[in-house]
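Observations on the model geometry
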Amino acid sequence: MRVLLFIIRMLQNSLARATRGMTRLAVRTMAYCGIEIITLLALGTGFAIGFTSCHTQQAAVQTQSAETPTEEEKPWHTCFMQGARATLTIDDEIISANCTMQVVRDSMLVISVMPMLGIEVYRIEATPDELIAINKLNHQYLRTDYQQVNRYVTPPLRWEDLQQIASNELPGGPFVGYAIGEKTIALKITYPEKQTNVPMRAQHIDLSRYEQLVVENL
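Quick caveat: nothing in here was measured; it's all calculated off a predicted structure.

Helix and strand content of the protein chain: five helices and eleven strands. Out of the 218 residues belonging to the protein chain, those deemed buried represent 43%. For the protein chain, long-range pairs separated by at least 24 residues make up 62% of all intrachain contacts whose partners lie at least 6 apart in sequence. Put simply, the protein chain shows about 12,400 Å² of open surface, and 51% of that area lies on carbon and sulfur atoms.

Below, the discussion takes up the confidence of the model for the protein chain. Looking at the protein chain, pLDDT values average 74 and 64% of them are 70 or higher. Mean pLDDT in the protein chain bottoms out at helix H2 (residues 22–39), which sits at 39, and peaks at strand E10 (residues 195–196), which reaches 96.

In this model, threonine 154 is joined to proline 155 through a cis peptide bond whose omega is -10°. Along the chain, the position of proline 155 falls in the loop between strand E7 (153–154) and helix H5 (159–166). One non-glycine residue, asparagine 168, lies in positive phi territory at about 60°. Assessed through its relative accessible area of 37%, asparagine 168 is described here as partly exposed.

Let's shift gears to the nonpolar core. Core analysis: the largest hydrophobic core is formed by 36 residues, its most contacted members being Met101 and Leu109. No other element matches the six residues that strand E1 (residues 78–90) contributes to this core. Aside from chain neighbours lying at most four places away, what touches methionine 101 is Cys79, Phe80, Met81, Ala84, Val110, Ile111, Ile165, Ala166, Ile189 and Tyr191. Core analysis: the second largest hydrophobic core is formed by six residues, Ile132, Ile134, Ile205 and Tyr210 among them.

With that settled, consider the pattern of salt bridges. One pass over the full model with this rule turns up six salt bridges. One salt bridge in this structure joins arginine 123 and glutamate 120, with 2.9 Å as the shortest N-O distance. Judged by relative accessible area, arginine 123 falls into the buried class, the value being 5%. By relative accessible area, glutamate 120 is classed as buried at 13%. Taking the shortest distance from any N to any O, the salt bridge between aspartate 161 and arginine 158 comes out at 3.0 Å.

Direction of pairing for E1 relative to strand E2 (residues 93–104): antiparallel, over a ladder of twelve bridges. Residue pairing for E2: threonine 87 is matched across the bridge by serine 96. Counting the residues between successive antiparallel strands, the hairpin from E1 to E2 contains two residues, one of them, aspartate 91, with a positive phi of roughly 55°. Where E1 lies against E10, two bridges are found, and the strand directions are antiparallel. Across the sheet, residue cysteine 79 finds its bridge partner in E10, namely threonine 196.

Definitions and limits used
- Residues numbered from 1 in each chain as written.
- Predicted model: local features only at pLDDT ≥ 70, side-chain atom pairs only at ≥ 80, totals over all residues.
- Heavy atoms only, no water.
- Helix = DSSP H or I, 4+ residues; strand = E, 2+ residues; numbered from the N terminus.
- Buried < 20%, exposed > 50% of the residue type's maximum accessible area, 1.4 Å probe, protein only.
- Contact = heavy atoms within 4.5 Å.
- Areas by Shrake-Rupley, 256 points an atom, 1.4 Å probe, with all protein chains shown as cover.
- pLDDT = per-residue confidence, 0-100.
- Core = buried A, V, L, I, M, F, W, Y, C linked by side-chain atoms within 4.5 Å.
- Salt bridge = Lys/Arg side-chain N within 4 Å of Asp/Glu carboxyl O.
- Pairing = 2+ DSSP bridges.

As structure tokens, then:
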């Protein structure tokens, strides 16, 4: 479990740079909430139930009308949500943190974890091919892929899961969960209003100023 142990250890080490009280709580929240948002998503994907249509012409017209997307249902290109609230239940412990979620459909997403005062201390960037976890306190980052993460996560994590959770489109609602070894973690997200087709607001992080950690060396 090198990837997950690294992130936990990386965030725990940041306690040495934090003061007691609120900052200590913030780093603890990062150690759990930030990690699980990247690795512990989607407790099952919902199922679409198909119904046979009636044989009457009226029913056929109603079905066609129901399947016609409205203006609000049309696919979006970008999605932005500020002030989402993620609550994790890990065994008997409950941890919460505020998050900002930004998505470019089928391309990339950014999840900013802000344990206190609206300050981004942990960021998750993802594409359909890779995941990047960034610790802004320690100026460190880890780059990995879904195959590496899924060596330890059940059920497997997919890009589609991340995109659904970051855009409030999980088929089963705002409750998700995963298992890592013997740990079972449940995640509930309270979503704010979703803004669609707006410019991405996440500022680029120059990772050349950060230390890249190698999974094999953890």
